[in-house]
There are 2 protein chains.
Amino acid sequence: MEGTDRLVTVPGITPNGANAAETAQALRLQFRLGSLTEQTSGLAPGFLQANLAILPSNAAADFLLYCTRNPKPCPLLSVSNPGDPTLPRLGQDIDIRSDVPSYRVFRNGRHVDTVGDISALWRDDLVTFAIGCSFSFDDALQRSGIPVPNVSAGTNVPMYVTAIETEPAGPFSGPLVVSMRSFKPADAIRAITLSDRYPLAHGAPIHIGDPAEIGIRDVTAPDFGDPPTIAPGEICVFWACGVTPQLAIGRAQPDIAITHDPGHMLITDLPADATL
Amino acid sequence: MEGTDRLVTVPGITPNGANAAETAQALRLQFRLGSLTEQTSGLAPGFLQANLAILPSNAAADFLLYCTRNPKPCPLLSVSNPGDPTLPRLGQDIDIRSDVPSYRVFRNGRHVDTVGDISALWRDDLVTFAIGCSFSFDDALQRSGIPVPNVSAGTNVPMYVTAIETEPAGPFSGPLVVSMRSFKPADAIRAITLSDRYPLAHGAPIHIGDPAEIGIRDVTAPDFGDPPTIAPGEICVFWACGVTPQLAIGRAQPDIAITHDPGHMLITDLPADATL
């Protein structure tokens, strides 16, 4: 009963077969109340999750341009008005100051704190960017019977800084970060065609095959996440990754920036395969 | 004026920007009259072209089942009634006995003749199968700015008999034949996602990477077509091929079978990216 007691049941969108207690809105309320702080991978299946970047309005126009110029790593779901903590396009009653389980705070591009609530840091000039993440696509692969190695292993996806430069916008620039999943060739083809249908989850991959061709010297030593297990005969497939904008923020060094803590996403009310 | 005189202008479907004299119907009429007998690659751009298989009705049910069980090599566009030489779903006024530039005649599974007209061979029990071909997809790749090596080189696409068995139906069985195009990795990804949108042109590929994994010992020595040129860093991409049913017909050995002469396709009135 303890697990049940933790869940707050509220009226909300209930997708096919999902328990009402698992709806996006109910989970966000628990994050808001601090009664749940865990990673969101596997939570609220069927709901679209999002990467988060919050920036001062004097940096927002350039960051918006940066996302627009780099849609594969930064597929934009929604952008708020300055100072407005709601995201009505993404969910009923979202308060972005409290509804994400864990946040990272950056000062002048440096990660200085990890917190469960940013109400105390909120300012009238802060603009929220919600950016698509790859969970929708991982789910779709698994539902299609294509095993995703890191999901099967219960580890984080391996991520790599590549030699590919993103297209800069104002102070925002930096290398493209990619995530890697390996598959048997026939599954790699299906993973490519399937991910192409999820442009808001980074879409089709940007590279297949030899990691060295995009500047990855050692595929067994990722820059973020956990080392991969690549079975004999499997082919490496590389997708643009939502960590890319975090590196661009690090380079732009705005006086303040707030992102989700990796793995601790914003759970939206939208279906996982939504197209905007 | 000689080139113009060769063309018979008839009322017909005129897709975006195409000259009326280049319409499918006008070309078919020239094939019918014998005033044109050339390969159809590059003719009537924007119109769907088709592989052809004509079989006696006592083999037709099994061949229909064979195509249904192997949709990647044998995407069915249309099947006629026995003895009916028209294909109204594919084009106005098609007479399949004369409207293809060149035919191959098989007796008991052996290729015995190549002719420009099969009216003298026609029987009341012959059933026509029109099967999708890869021209639509090659066109789409080129229009997307992705060079197709054999199209650029003006050679035939290399084709290989694989170690993959098709699913048999009655006397029809045999290995899957594939065509191969090589690309830079980023273009290979785009070729995969693009071809997936053309299920009637064999859809997404069936293999990428190491040819040996599907039983191809020497990729430089294709079983049909011309040897490929594979540039350094390119990845091999393999699609199911419309030659597959010809091998199955060879194995089934019906008393008579008629196919198009490779490269000499049926030009339909349908748009190249039609979905049935």
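Residues numbered from 1 in each chain as written. Chains lettered and ligands numbered in written order. Predicted model: local features only at pLDDT ≥ 70, side-chain atom pairs only at ≥ 80, totals over all residues. Heavy atoms only, no water.

**Student:** Tell me about the overall build of chain A, and name the residues and values.
**Tutor:** Helix and strand counts for chain A stand at 7 helices and 11 strands. Relative to a compact globule of 276 residues, whose C-alpha radius of gyration would be 19 Å, chain A shows 18 Å and is just as compact. Dimensions of chain A along its principal axes, counting C-alpha atoms only, are 50 × 45 × 30 Å. Per-residue burial for chain A yields a buried fraction of 55% across its 276 residues. Taking all contacts inside chain A whose residues are at least 6 apart in sequence as the whole, residues at least 24 apart take part in 76%. As displayed, chain A offers around 11,400 Å² of accessible surface, 51% of which is attributable to carbon and sulfur atoms. In chain A, which carries 18 positive and 29 negative side-chain charges, the distance between the mean positions of the two groups comes to 3 Å. (Helix = DSSP H or I, 4+ residues; strand = E, 2+ residues; numbered from the N terminus. Rg over C-alpha atoms; globule rule 2.2 N^0.38 Å. Buried < 20%, exposed > 50% of the residue type's maximum accessible area, 1.4 Å probe, protein only. Contact = heavy atoms within 4.5 Å. Areas by Shrake-Rupley, 256 points an atom, 1.4 Å probe, with all protein chains shown as cover. Lys, Arg positive; Asp, Glu negative; His and termini not counted. Charge placed at Lys NZ, Arg CZ, Asp CG, Glu CD.)

**Student:** Outline the state of the cysteines, supporting the account with residue identities and numerical values.
**Tutor:** Where two cysteines share a covalent bond between their sulfur atoms, that bond is called a disulfide. Residues and elements named next belong to chain B. According to the stated counting rule, one finds 0 disulfides over all chains in the structure shown. Among the cysteines around C133, which has no disulfide bond, C241 carries the closest sulfur, lying 9.7 Å off. The class for C133 is buried, based on a relative accessible area of 3%. What makes C241 buried here is its relative accessible area of 7%. (Disulfide = S-S within 2.5 Å.)

**Student:** Residues and numbers for the relation of the copies chain A and chain B, please.
**Tutor:** Superposing chain A onto chain B takes a rotation of 179 degrees plus a shift of 0.0 Å along the axis, which leaves an RMSD of 0.1 Å. What we have between these two chains is a two-fold relation. Minimal C-alpha separation from the rotation axis in chain A is found for T193 of chain A, amounting to 2.5 Å. Interface overlap between copies is the fraction of interface residues in one copy that are interface residues in the other; for chain A against chain B it reaches 100%, indicating a shared surface. (Least-squares fit on C-alpha atoms with pLDDT ≥ 70 in both.)

**Student:** Explain the packing of aromatic side chains to me, using residue names and the numbers behind them.
**Tutor:** Following the criterion strictly, the structure yields 14 aromatic pairs over all chains and no others. Judged by centre distance (6.3 Å) and plane angle (25 degrees), the rings of F63 of chain A and Y66 of chain A are stacked. Of the two residues, F63 of chain A and Y66 of chain A both sit in helix α3 (residues 57–69), 3 residues apart, roughly one turn of that helix. Here F63 of chain A falls in the buried class, since its relative accessible area comes to 0%. Relative to F129 of chain B, the ring of F63 of chain B has its centre 4.8 Å away and its plane inclined at 80 degrees; by these criteria the two rings are edge-to-face. With F63 of chain B in helix α3 (residues 57–69) and F129 of chain B in strand β5 (residues 126–132), the pair connects residues that are 66 residues apart, well separated along the chain. Each member of the aromatic cluster is reached from another via a ring pair, and the members are F63, Y66, F129 and F172 of chain A. Lying over the aromatic face of W239 of chain B, R181 of chain B brings its terminal NZ or CZ to 5.3 Å of the ring centre. (Phe/Tyr/Trp six-rings, centres within 6.5 Å; stacked < 30°, edge-to-face > 60°. Lys NZ or Arg CZ within 6 Å of the ring centre and 35° of its normal.)

**Student:** How would you explain the interface of chain A and chain B if you had to name every residue and give the values?
**Tutor:** The partner chain B presents 16 residues to the 16 residues of chain A that form the contact. Between chain A and chain B, a total of about 1,200 Å² is buried, with carbon and sulfur atoms accounting for 72% of that surface. Counting the surface chain A buries against chain B, the share from its top three residues, P185, I189 and I208 of chain A, is 41%. Taken together, the connections running from chain A to chain B amount to 2 salt bridges. Among the salt bridges present, the one from R197 of chain B reaches D196 of chain A, with a minimum N-O distance of 3.4 Å. The interface formed by chain A and chain B includes 2 residue pairs in polar contact (both at pLDDT 80 or more). Those elements that provide at least two residues to the side of chain A that touches chain B are α6 (185–196) and β8 (207–208) of chain A. Here the residues of the side of chain A that touches chain B sort into 10 nonpolar, 3 polar and 3 charged. (Buried area = accessible area lost by both parts, 1.4 Å probe. Salt bridge = Lys/Arg side-chain N within 4 Å of Asp/Glu carboxyl O. Polar contact = N/O pair within 3.5 Å; in protein donor to acceptor, adjacent residues only side chain to side chain. Nonpolar A, V, L, I, M, F, W, Y, C, P; charged D, E, K, R; others polar.)

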